[in-house]
Structure formats: C-alpha cells, structure tokens
Amino acid sequence: MVPAKLVIGKRVREGRPSEEGDPSSSSDSSRASWKTLQNQKPRHMSYRGRMTIFFAAVAAMTAVILVAVLAVTWEAQFLSYTRSNMERYASVVADGLAEIYDPQTGWKEEDVERTVQASSVSSDIGVQVIDSHGTVIYDDTWNRPGEHTDDDTASAGGKFASLAPTDADSVVPHEITLADGTQAGTVRLWAFGSEALLTKGDAAFRTSSYGAVITAGLVAVFLACLMGVLVSRKLAKPIKSITSTAAQIRSGDLTARTGITGDDEIGQLGETFDDMATSLERDLKLEHRLTGDVAHELRTPLMAMLATVEAMQDGVLPADEEHLETVASEVRRLSRLVAAMLQLSRIENGTTPFKPEKTDMIGLVRSVVESQEQLFADRDLRLRLDVKTQRHELFCEADRDMIRQALINLMSNALRYTPEGGWVVVSVGQEGRDVVIAVSDTGIGIAKEDLARVFSRFWRSDASRERESGGLGVGLAVTKEIVDRHHGFIGVESELGKGAKFTIHIPRDQGRQQQQQGDSSK
C-alpha cells in the first residue's frame, strides 16, 4: 500500500477578515437586515457589447486621427508638390519663349502660342506671357470664350479681358531671361478652376486618396467590431461559466465546477474558483459532521452521568465514593472538552496572546520528550529523540508555550493510537530557514481518504473510535492553529496499519516572515 500524504497551511495566511468591515457589527444602530440574492436579468449592456463598442471606437478614433494627420501634414506636402510641378512647367515655357524672342521686334503672338503648345503643358494649366513693359502678350483665357460671362466684351482684336487669377498663392510666375541675362518678360501659370494650383488630375488624386483613407477607416471599424465580437465571446465564455457555476452553488449544488484551466489570468481564476468551491463543499460537509460529533461528544458523558445519578436516586446504586467519582470523571471530561474548545476558539480568533521569543528548539523539544518518557514507559512504548543537526542549539523565534502544547498534542496522539511495544520517534532539525519538528509512530495509521480531515475539530477515524482512546478530537485542530500563528505549515504522512508521521515547519525569523506576508498582500 502506498503511503498517503497531506500538507496543511503551507502558504502563509493573509489574515482573517476583520469583523470591523462588517456593516452589521460596526454600525451604532441595533437595527439590521439581510436578504438573499435575487435572480435578476442584466439591465445594462452586456460585456460582449461593451467590448465590441470599445474595439469599434478605437478603430474609428484611429481613422479620424489618420485623416487629421493627412489633412495637416500630407495636404501641405501635396500642395508643395503641385507648386513644384507648376514651377517646373513655368521654367520650361520661359526657356522656350526666351529662345524665340527677337530683341528688335519682340515676340509674335503666333510664335508664342506655338511655343506654349509645344511645351506639352497640361490643358488644365493656364499660361500668361507678359513683356518687360507689362503688356500681356499671350493669355490662355483669350482662347476660352465659354468661360466669359455675357457682361464681358471683346476688344477690337476679338480678345476678351484676362481671367487669370490675381492672388499670388494661386499663380506661379517665372522670369523670362535671355542668354545675355536680360529680362524679357514674365510667364505666369495657374490651374483652371482651382485656387491651389491643383490640376484636375491632382484634384482627382487627392480626392481618391481621402476616399481610400475613409474606406480603409470604415473597413477597420467593421473588422474591429468583428474582432470585438469574437474576442469578447471568447473572454465572456469562461466568465459566464463561472457565473453559472456560482449560481448553481448558491442554489445548493456544491458539486458544480467550472472546469476552466490554463496558465493565463482567466485559467487561474477558474482553477481558484474550483478550489474555493471544493473547499466550501468540504467545509460544509465537515460542518455537518461537526454537529453530529459535538452532539456525540457531549451526549456520551451526559448520558453516563444521568444514568449513574438516576440509578443512585432509585437505590439501584449506592451513593458512595466510587459512583460519585464516576460522575466526577465525566464532569472533568466535559470540562476538558469545553476548555479545549475555548482555547481553540481563542487561537482562531487571535485573542490568545502570541509572544514569540528567541528559543532553543532542541532544548525545548528535549525537555518535552524527557517529561513524557515515564508516561510512554507505563504504556510499554519506546520513546526516542532524534536530533537531525550537528548543532547543540537551534534557535527560533517562537512562543514557547504554544510550541510545547503543539508537540504534546502530537505526542499524546501517538501515545493514544500506538499499540504496546511500538515506537514513537520525535525528531528536530533544520530545512532551509525553517525549524522542522516531526513525531512519527508505529500505530494504527490513518486511511488515505481521511487525511484531509485529520485537522478538523472532533474528527476521529473509525479505527480510533473503535479503539476507544478517550481523546477529545480537538488536539490536532489546536496544533494546526498554533502552527498557523507561527506562519508555518504542518503535514502528515501515513499508511494504514503501519503508523503516521506529523511534521511541523516553523520559520526561524517571525519578523521576516511577517514582512514577506505583508509584501505579498500588497
């Protein structure tokens, strides 16, 4: 048979919840109320809906920011690009006009028109040529009579008034410089129908660019909504499972579990919730058993006393010293039980003073063993001390009285359940920063399925009940609470019919342990 093992309280307790946080206890008024939770349908937007809206809002905000950046930065760069192109066109036209300029007669209109057309300038760009005297020699608007209104009248030569823009930002001028450096005139270029030097092609490109950005933004919003639905569904599924399981537990089904596992936060939440549900189920079962055990522990001595007293009243038994001693022994048993329960309650509530001081644990354990030697010898049991360290002293910050009581409880437990001729070994040593005290015996042992309940109050195995050991059933519970007060942990290993071993781990530095506990709770 494989030995079973259980470790209790290895993680440091975070501290019991304070009663001061309970409104019913902190209120000055004596009036209080309580009611069960109601199964109400959610009145607000679901988690999935909020996640979808969040993703969509992020995508929409990104699109708006992108459009704003384009409007501020890219627009300025684009306008600079179009002006640069216009300046390049003006330079080409100016060079062509400089080549056909005659210093004697100047330009001929047909030569200017032919040069402008030969420069391959876009039809969306207007050209105006002005000589050095300020006279307009050529103007593209003269050849666009459809753009003139009915109020415009043609000159004697059949030419309309110039429609070239006068705003300096809407026109790109370029000087016409001859080979000898003389300035023959100026050529001015602009874009028809635009005050920003944008040709129809440039304007179409800009419009399509903004359209593409807006389309991309709409697609991003759609994809974000879709992603929000999928992600929120995946995130909400375990949350719904936990909520449903909690509702089942609230309805009384303590076997309900989420079954959620994983290394991420959701998986850890599911595992923690299932562990909590398992602990709750176990505690409730122990509570039910506790009620029966308390009734049993109290009923047995009371029934014995009642039977003895009634027999003496009826004259069946004489009211002598022997029968009065029987009643007195049961009263003392009840007194010990009540005292043990009171002590356990005080330790659990933290009302028992905890006074850790520098203590030689080897010396403390040795003194307890020596004081118990005769008691073990009277039961025909062999008791031995095993010091698992080369040191003669092993100091630890501990409450001497509490540690002594915990050790006596473990030794009494071994004494009670070890048959005659058996061994009980008490060992003390060091593991890392902990002092380790162990009590092992060759007694009846503990069944594997009972290990999880050995530290519950009033619990005794069926084998121990059959043995009629006379124990109160609270010694191990008191021991566990004492170990918890020292920020340590206790474990048990046992194999049925071959004995058990209880091991206590106590941190040597209580101040350091309390500091680590405080840091972990932040």
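Here is a short report on the structure shown in this document. (Residues numbered from 1 in each chain as written. Predicted model: local features only at pLDDT ≥ 70, side-chain atom pairs only at ≥ 80, totals over all residues. Heavy atoms only, no water.)

1. Quick word on a nonpolar patch on the surface
Working step 1: Judged by side-chain polarity, V219, F222, L223, L226 and L230 come together as a nonpolar surface patch covering roughly 490 Å² of accessible area.
Working step 2: Examined against the element boundaries, V219 turns out to sit in helix α4 (residues 200-250). (Patch = residues over 30% accessible without salt bridge, like charges linked within 9 Å, V, L, I, M, F, W, Y side chains within 5 Å. Areas by Shrake-Rupley, 256 points an atom, 1.4 Å probe, with all protein chains shown as cover. Salt bridge = Lys/Arg side-chain N within 4 Å of Asp/Glu carboxyl O. Helix = DSSP H or I, 4+ residues; strand = E, 2+ residues; numbered from the N terminus.)

2. Description of a negative patch on the surface
Working step 1: A surface patch of like charges, here negative, comprises D263, D264, E265, E271 and D275.
Working step 2: Inspection of the secondary structure puts E265 in helix α5 (residues 265-313).
Working step 3: Here E265 falls in the exposed class, since its relative accessible area comes to 64%. (Lys, Arg positive; Asp, Glu negative; His and termini not counted. Charge placed at Lys NZ, Arg CZ, Asp CG, Glu CD. Buried < 20%, exposed > 50% of the residue type's maximum accessible area, 1.4 Å probe, protein only.)

3. Regarding the nonpolar core
Working step 1: Counting residues in hydrophobic clusters, the biggest one holds 41 residues, and the most contacted among them are M361, L407, M411, V426, I437, V439 and F502.
Working step 2: For this core, the secondary-structure elements that each account for two or more residues are α7 (361-378), β8 (395-398), α8 (400-417), β9 (423-431), β10 (434-441), α10 (475-485), β11 (489-495) and β12 (499-507).
Working step 3: Top contributing element to this core by residue count: α8, with 8 residues.
Working step 4: Dropping the residues within four chain positions of it, M361 is found in contact with L394, C396, A398, I403, V428, V435 and I437.
Working step 5: Membership of the second largest hydrophobic core comes to 21 residues, among which are W107, V129, Y138 and A191. (Core = buried A, V, L, I, M, F, W, Y, C linked by side-chain atoms within 4.5 Å. Contact = heavy atoms within 4.5 Å.)

4. With respect to the packing of aromatic side chains
Working step 1: This model, assessed by the stated rule, comprises 3 aromatic pairs.
Working step 2: Ring geometry for F54 and F55: centres 6.0 Å apart, planes at 85°, overall edge-to-face.
Working step 3: With a relative accessible area of 52%, F54 lands in the exposed category.
Working step 4: Relative to W107, the ring of Y101 has its centre 4.7 Å away and its plane inclined at 65°; by these criteria the two rings are edge-to-face. (Phe/Tyr/Trp six-rings, centres within 6.5 Å; stacked < 30°, edge-to-face > 60°.)

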